[in-house]
Amino acid sequence: MGLAGFEVEVQRETESGLVTEDMTLSMGPQHPSTHGVLRFIVRADGEVMKEAIPDIGYLHRSIEKIAEKVGWHGFLPYTDRVDYVAAMFCNHGWTMAAERLAGIEVPRRGEYCRVIADELCRIHSHLLAAGSMAMDIGAFTPFTHAIREREYLNDLFEELCGSRLTFHYMRIGGVGWDLPPGWAEKVLTFLARFETVVDEYNRLISYNKIFTERLADVAVVSAEQAIGYNLVGPNLRGSGVAYDVRRDDPYSVYPELDFDVPVGRGEMGTVGDCFDRYIVRIEELKQSCRIIRQCLRQMPDGPVIAKVPRNFKPPAGDCYVRLESARGDMGWYVVSDGTAFPYRCKIRTGSFAAISIVQAVSRDIMIADLIAVIASLDLVAPEIDR
Amino acid sequence: MQELVDGLIASGVAPADVPAWVHYLTAMLTFGGLVVFGFVLPIAGITTWVERRVMARMQSRIGPNRTGPAGFLQWLADGIKNLLKEDIVPLAADAMLFKAAPYVVIVGFVLTFVVVPFSGDLIIADLNVGILYVTAVTALVVVGILMAGWASNNKWSLLGGIRSAAQIVSYEIPAGLSIFPVVMLTGSLGMQDIIRAQGAAPWTWYIFDNPFTLMAFFAFFVAALAEGNRTPFDLPEAESELVAGFATEYSGMRNLLFFMAEWGNLYVIGAIVSTLFLGGWQIPFALEGSPVLRNALQFGTFFTKAYFFVFLAIWLRWTLPRIRVDQMMVMCWKYLVPIAFVNLIGTAAWMVLFPAGVPLVRWTLTAVAAVLLVAFFWRVRFHLKHAGLTGQQLSFNPLSTTRVTW
Amino acid sequence: MPLDTAAIHARLRERFGETIGDLNGVGRDAWALVPPGDIAEVARFAHDDGELGFDCLSNLSGVDYPKDEAIQVVYHLFSYRDRHWFVLKVNAKRDDPVVATVSGVWPHADWQEREVFDLLGVRFDGHPDLRRILMPEDWPGHPLRKDFVEPEEFHGISTSRESLLRT
């Protein structure tokens, strides 16, 4: 039938002689609310969906193959594009993998710079996620407020590394530049304001009755299902599993930092519904503020980057590093064959697993709920397709 | 209206050898044309400008500010742009229905202006079934939307059309039921009669007459919002889900007609609500001697009241999220309809128990409303001060520019 | 109870004997080789066993080793309950790579195996719906292979363009 390139079975129910056929819709690659270029083939009986089959690959840029061609240092800008909404984490993952293979130790100040950049990027990404979610549910104003806050962050990032979206801030062995003079004060000013804005945001939309009614008890993902489908990050914590790579498998300077890990509590409905996943992200915003303040206080002086040869050739071997990206545990499996070019780089992202669960949880919910599910899982297409 | 024409015939301005009904017809058509082209279409356009500025103010943005002073001519530019766009009719669409649908919708919307009482003397036709006529004619919009949804040959448009039909038809019930308390209190369906039964002072308005009409006001406003496809009930055109719902396949002039009908409908909602519940064009002065001044003041009062509800609808749209289809149906049938019935029976009981009304209740309700209003503005001021937004103008002006400094 | 990799390896050996290869590598990246036909049983045991309890398949990647005439599928297993790790590797023959599927054990493997099939051409025996996931349905070849040559055109669209670099 050409809609999917594969056959989608369409039910033919016969109730007392009446033959009905489900409607097959393509929530196509161009759509205002799929987060990026995604496609869902929706089989619906009027408003109630029977199934939503995700069709990905529209944003596949073969980044993993490019890694094999451009070399260890040259791949860093490409990592920004793996998940351009949270680019710092991708930089961090690649550099961590390269450093693990070559046994390089990053100077302490460099690690602190990385964590500050990571947490600011987490705020950046969660604001977009929460804003887009509000917009998909129909409230446009919270989206613009989130974007307004992101503009402050964009200015901070621009001062730090010259770019507003694809940062390319980290290098193998540390970070590209030290914090600019006066930047720390600007960050603190922003954080002081930002926490009141989060409260205002919660008053505006997070606990709004219509919003919670749209999200409570929708697409409940149990803890076993979440672990089986390898959901990570806020999706996993929203289902009640208290696991955060920063706390339970720490890397960088996270062992020295003090922060809480919010877990979904079933506040408005069941544990693991869309609202839990959303509210975990909102609560993480405040925790990131806490982490950044501690880092700015505790940062030692010193170099920010270790000496790494330009012709970087880590010894042969493989390693698997994980870090807590905005979208959860991002895994980088990197194989080196001793040459200046990586042999294989596999990026296992949180959105890839999250979109595979959409098909399982989309039975007997409404089309409007599908939008809520997609938004609550915080899918970003570049991360899914790479 | 009729007195005016009779006066013109009597004073010799209008030729007397032509039968009177021709004069009446000419007067009605002229006035109707004036209203449609001089008031309705510009209002629909200007409301888009107001919406965009108010929306921007709420979203820490500025809104249109380049075309004309403070962007006031933006709606004109958009209208001209839409007229000049390519007229696309999808190949597989049902061409006749597709082309006719916007006209059905706009006719259904414009016809309501026949009974809108702009002032004491300015009404195109003071039908003695005024308010019932409005309810009947707005149902024509459903037919147009269904036609648009079906004829577009697009499953998403179809979903939007069906949702809209379900929504508008369902919310006709609580809207109609909420009109009845007012009609019972007046004893007539005519619009001018309803207004004349109220007075200029707030405690003479029907909204404060008794607690049941107060509830009826809220029920009617919610139902009217739902009929106008406004958030939180804008599922038929839910941008995030259905692109533009039933209007997805429309471009150019046809698209313009759909959206003009929606924005103009806001004014109609405001007009009906202020007629029924807020005393319409009533002013405190009698001004028997100067009809022009009297009508001008009445027109101004009526316009202000109606436009306040337009502002309220815009405010709600940009604050609240959208409710889902089944939740909307539940809200209508399980909540609004019983509430509307309670209002109806309560008002009837009130009329039996207190045939002349209870002045104490009226004054109390007015006082409570005044206190709530003051408390609201005080609270807004409190939040503005504690918002921590540096460099922004902290003002109540909904149309002001926001100067954001970093 | 988190076990270290040696203990996990010993437990696997205890159950499966010599089909589990020797433990290579150090620390978190320590791995053991498993034959392609047996991986499904090993995975099922790793998931169900009381001591191992690997309830999560953290990563499933394919690596092309043309020099060794093999395509290697790497499984990173993680246990949320016990917080320990292990890595299993499977070498499939490069000319006709067939590996037993583990999608019955972990639902996440479903899509990961589809990706390995799509990009490297490994067929997973018993997979419920093995079709391409990232590339178009009718794309020729498997792009991530080392010897992959891009087709000149695809559906009439050329896949190359003039280089913009001056050299």
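Just so you know, these numbers come straight off a predicted model, no measurement behind them.

What about the overall build of chain A?
Right, on to step 1. On a plain count of helices and strands, chain A comes out with 14 helices and ten strands.
Right, on to step 2. Considered along the principal axes of its C-alpha atoms, chain A spans approximately 80 × 50 × 35 Å.

Observations concerning the overall build of chain C
Right, on to step 1. Looking only at helices and strands, one finds three helices and eight strands in chain C.
Right, on to step 2. Going residue by residue from the N terminus, the α and β elements of chain C occur as α-β-α-β-β-β-β-α-β-β-β.
Right, on to step 3. Projecting the C-alpha coordinates of chain C onto the three principal axes gives extents of approximately 60 × 35 × 30 Å.
Right, on to step 4. Burial statistics for chain C: of 167 residues in total, 43% are counted as buried.
Right, on to step 5. Sequence separation of 24 or more characterises 50% of the internal contacts of chain C that already satisfy a separation of 6 or more.

What to know about the interface of chain B and chain A
Right, on to step 1. Counting residues at the interface gives 26 residues for chain B, matched by 29 residues for chain A.
Right, on to step 2. Elements with a contribution of two residues or more to the side of chain B that touches chain A: helix H7 (155-186), helix H10 (239-242) and helix H13 (325-353) of chain B.
Right, on to step 3. Class assignment for the residues of the side of chain B that touches chain A results in twelve nonpolar, seven polar and seven charged.

Description of the nonpolar core
Right, on to step 1. Among the nonpolar cores identified, the biggest contains 255 residues, and Val373(A), Val105(B), Phe220(B), Val273(B), Ile39(C) and Leu88(C) are the most heavily contacted of them.
Right, on to step 2. Residue contributions to this core peak at 16 residues, all from helix H4 (residues 108-137) of chain A.
Right, on to step 3. Those residues in contact with Ile39(C), other than ones at most four positions away along the chain, are Val34(C), Leu88(C), Val90(C), Val99(C), Ala100(C) and Val102(C).

Thoughts on helix H2 (residues 20-58) of chain B
Residues and elements named next belong to chain B.
Right, on to step 1. Under the 1.5 Å per step criterion, the end-to-end length of H2 is 54 Å for 39 residues, consistent within 8% with the ideal 57 Å.
Right, on to step 2. At Val36, H2 is bent by approximately 30°, the largest bend along its length.
Right, on to step 3. At the exit of H2 stands Ser60, carrying a positive phi of roughly 60°.

Some details on the confidence of the model for chain C
Right, on to step 1. Model confidence for chain C is summarised by a mean pLDDT of 88, while 99% of its residues fall at 70 or above.
Right, on to step 2. Note on the complex model: pTM 0.89, ipTM 0.91.

Some details on the packing of helix H6 (residues 140-151) of chain B against H7(B)
All names here are of chain B.
Right, on to step 1. Contact geometry of H6 with H7 gives a least axis separation of 7 Å together with a crossing angle of 165°. By the angle between their axes, H6 is roughly antiparallel relative to H7. In the packing of H6 onto H7, the handedness of the crossing is left-handed. Residue-level inspection shows Val141, Val142, Ile145, Leu146, Ala148, Gly149 and Trp150 of H6 in contact with H7, the latter providing Ser157, Leu158, Gly160, Gly161, Ile162, Ser164, Ala165, Ile168 and Val169.
Right, on to step 2. Residue composition of the contact of H6 with H7, by class: eleven nonpolar, five polar and no charged.

Considerations on the sheet that holds strand E3 (residues 23-27) of chain A
Residues and elements named next belong to chain A.
Right, on to step 1. The three strands lie next to each other as E3-E4-E5, forming an open sheet whose pairing is antiparallel. A single partner strand is all that each edge strand has here, and the edge strands are E3 and strand E5 (48-55). Between one strand axis and the next, the sheet turns by 20° as a mean value, whatever way the strands run.
Right, on to step 2. Where E3 and strand E4 (residues 39-45) come together, five bridges link them in antiparallel fashion. Bridging from a neighbouring strand, Met23 pairs with Ala44 of E4.
Right, on to step 3. Along the sheet, helix H13 (residues 367-376) contacts E4 and E5; its crossing angle with E4, the most-contacted strand, is approximately 150°.

Observations regarding the sheet that holds strand E10 (residues 342-348) of chain A
All names here are of chain A.
Right, on to step 1. Reading across from one edge, E8-E9-E10 is the order of the three strands in this open sheet, with antiparallel pairing throughout. Every interior strand has two partners, whereas the edge strands, strand E8 (317-325) and E10, have only one. With direction set aside, neighbouring strand axes in the sheet form an average angle of 15°.
Right, on to step 2. Where strand E9 (residues 328-336) and E10 come together, six bridges link them in antiparallel fashion. If you follow Val334 over to E10, its bridge partner there is Cys345.

Some thoughts on the interface of chain A and chain C
Right, on to step 1. Across the boundary between the two partners, chain A contributes 28 residues, which contact 24 residues of chain C.
Right, on to step 2. For the side of chain A that touches chain C, the secondary structure elements donating two or more residues are helix H1 (63-70), helix H8 (223-228), E8, E9, E10 and helix H12 (350-361) of chain A.
Right, on to step 3. Partitioning the side of chain A that touches chain C into residue classes produces twelve nonpolar, eight polar and eight charged.

Things to note about the arrangement of the chains
Right, on to step 1. Between all two pairs of chains that are in contact, chains A and B come out with the most contacts.
Right, on to step 2. Nothing in chain B touches chain C, and the closest approach of their C-alpha atoms is 25 Å.

What about the packing of helix H9 (residues 211-227) of chain B against H13(B)?
All names here are of chain B.
Right, on to step 1. Close contact between H9 and H13 brings their axes to 9 Å; oriented N to C, the two are set at 150°. The hand of the H9/H13 crossing is left-handed. Counted together, Phe212, Thr213, Met215, Ala216, Ala219, Val222 and Ala223 of H9 and Leu336, Ile339, Ala340, Asn343, Gly346, Thr347 and Trp350 of H13 form the full contact between these two elements.
Right, on to step 2. Across the contact of H9 with H13, the residue classes tally to ten nonpolar, four polar and no charged.

Overview of the environment of Leu23(C)
Residues and elements named next belong to chain C.
Right, on to step 1. Note that Leu23 resides in the loop between helix H1 (5-16) and strand E1 (31-34).
Right, on to step 2. Sequence separation of Leu23 and Ala6 is 17 residues, and the distance between their C-alpha atoms is 7.5 Å.
Right, on to step 3. Setting aside anything within four residues of it in sequence, one finds Leu23 in contact with Thr5, Ala6, His9, Ala30 and Ala32.

Remarks on the domain arrangement of chain A
Residue and element names in this part refer to chain A.
Right, on to step 1. Taken domain by domain, chain A consists of domain 1 (12-55) and domain 2 (63-385).
Right, on to step 2. In this structure, domain 1 and domain 2 have C-alpha centres spaced 31 Å apart.
Right, on to step 3. The interface of domain 1 with domain 2 comprises 17 residues on the first partner and 18 residues on the second.
Right, on to step 4. Contributing elements (two or more residues each) for the side of domain 1 that touches domain 2: E4 and E5.

A few points about the environment of Phe341(B)
Right, on to step 1. Structurally, the position occupied by Phe341(B) is in helix H13.
Right, on to step 2. Along the backbone, Phe341(B) and Ala100(B) are 241 residues apart, and their C-alpha atoms lie at a distance of 37 Å.

Quick notes on helix H11 (residues 252-277) of chain B
Residue and element names in this part refer to chain B.
Right, on to step 1. In this model H11 runs 38 Å from its N-terminal to its C-terminal C-alpha over 26 residues, within 8% of the 38 Å that 1.5 Å per residue would give.
Right, on to step 2. Most of H11 sits out of view: 22 of its 26 residues are buried.
Right, on to step 3. Of the residues trailing H11, Gly279 is marked for its positive phi of about 85°.

Topic: the environment of Asp260(A)
All names here are of chain A.
Right, on to step 1. Relative to the assigned elements, Asp260 resides in the loop between helix H10 (245-248) and helix H11 (274-298).
Right, on to step 2. Judged by local crowding, Asp260 falls into the exposed class, with 12 C-beta atoms found within 10 Å.
Right, on to step 3. It is 6.5 Å that separates the C-alpha atoms of Asp260 and Gln287, two residues lying 27 residues apart in sequence.

Some points on unusual backbone geometry
Right, on to step 1. Look at Asp217(A): it is not a glycine, yet its phi comes out positive at around 65°.
Right, on to step 2. Along the chain, Asp217(A) falls in the loop between helix H7 (209-215) and H8.

Rules used in this analysis
Residues numbered from 1 in each chain as written. Chains lettered and ligands numbered in written order. Predicted model: local features only at pLDDT ≥ 70, side-chain atom pairs only at ≥ 80, totals over all residues. Helix = DSSP H or I, 4+ residues; strand = E, 2+ residues; numbered from the N terminus. Buried ≥ 20, exposed ≤ 12 C-beta atoms within 10 Å, placed from the backbone. Contact = placed C-beta atoms within 7 Å. Nonpolar A, V, L, I, M, F, W, Y, C, P; charged D, E, K, R; others polar. Core = buried A, V, L, I, M, F, W, Y, C linked by C-beta atoms within 7 Å. Expected span 1.5 Å × (residues − 1). Bend = angle between axes of the 7 residues up to and from the residue. pLDDT = per-residue confidence, 0-100. Axes fitted to C-alpha atoms, helices over the stretch in contact; angles between N-to-C directions. Parallel < 35°, antiparallel > 145°, perpendicular 65-115°, else oblique. Left-handed = near helix turned anticlockwise from the far one by under 90°. Pairing = 2+ DSSP bridges. Domains from an automatic or database assignment.

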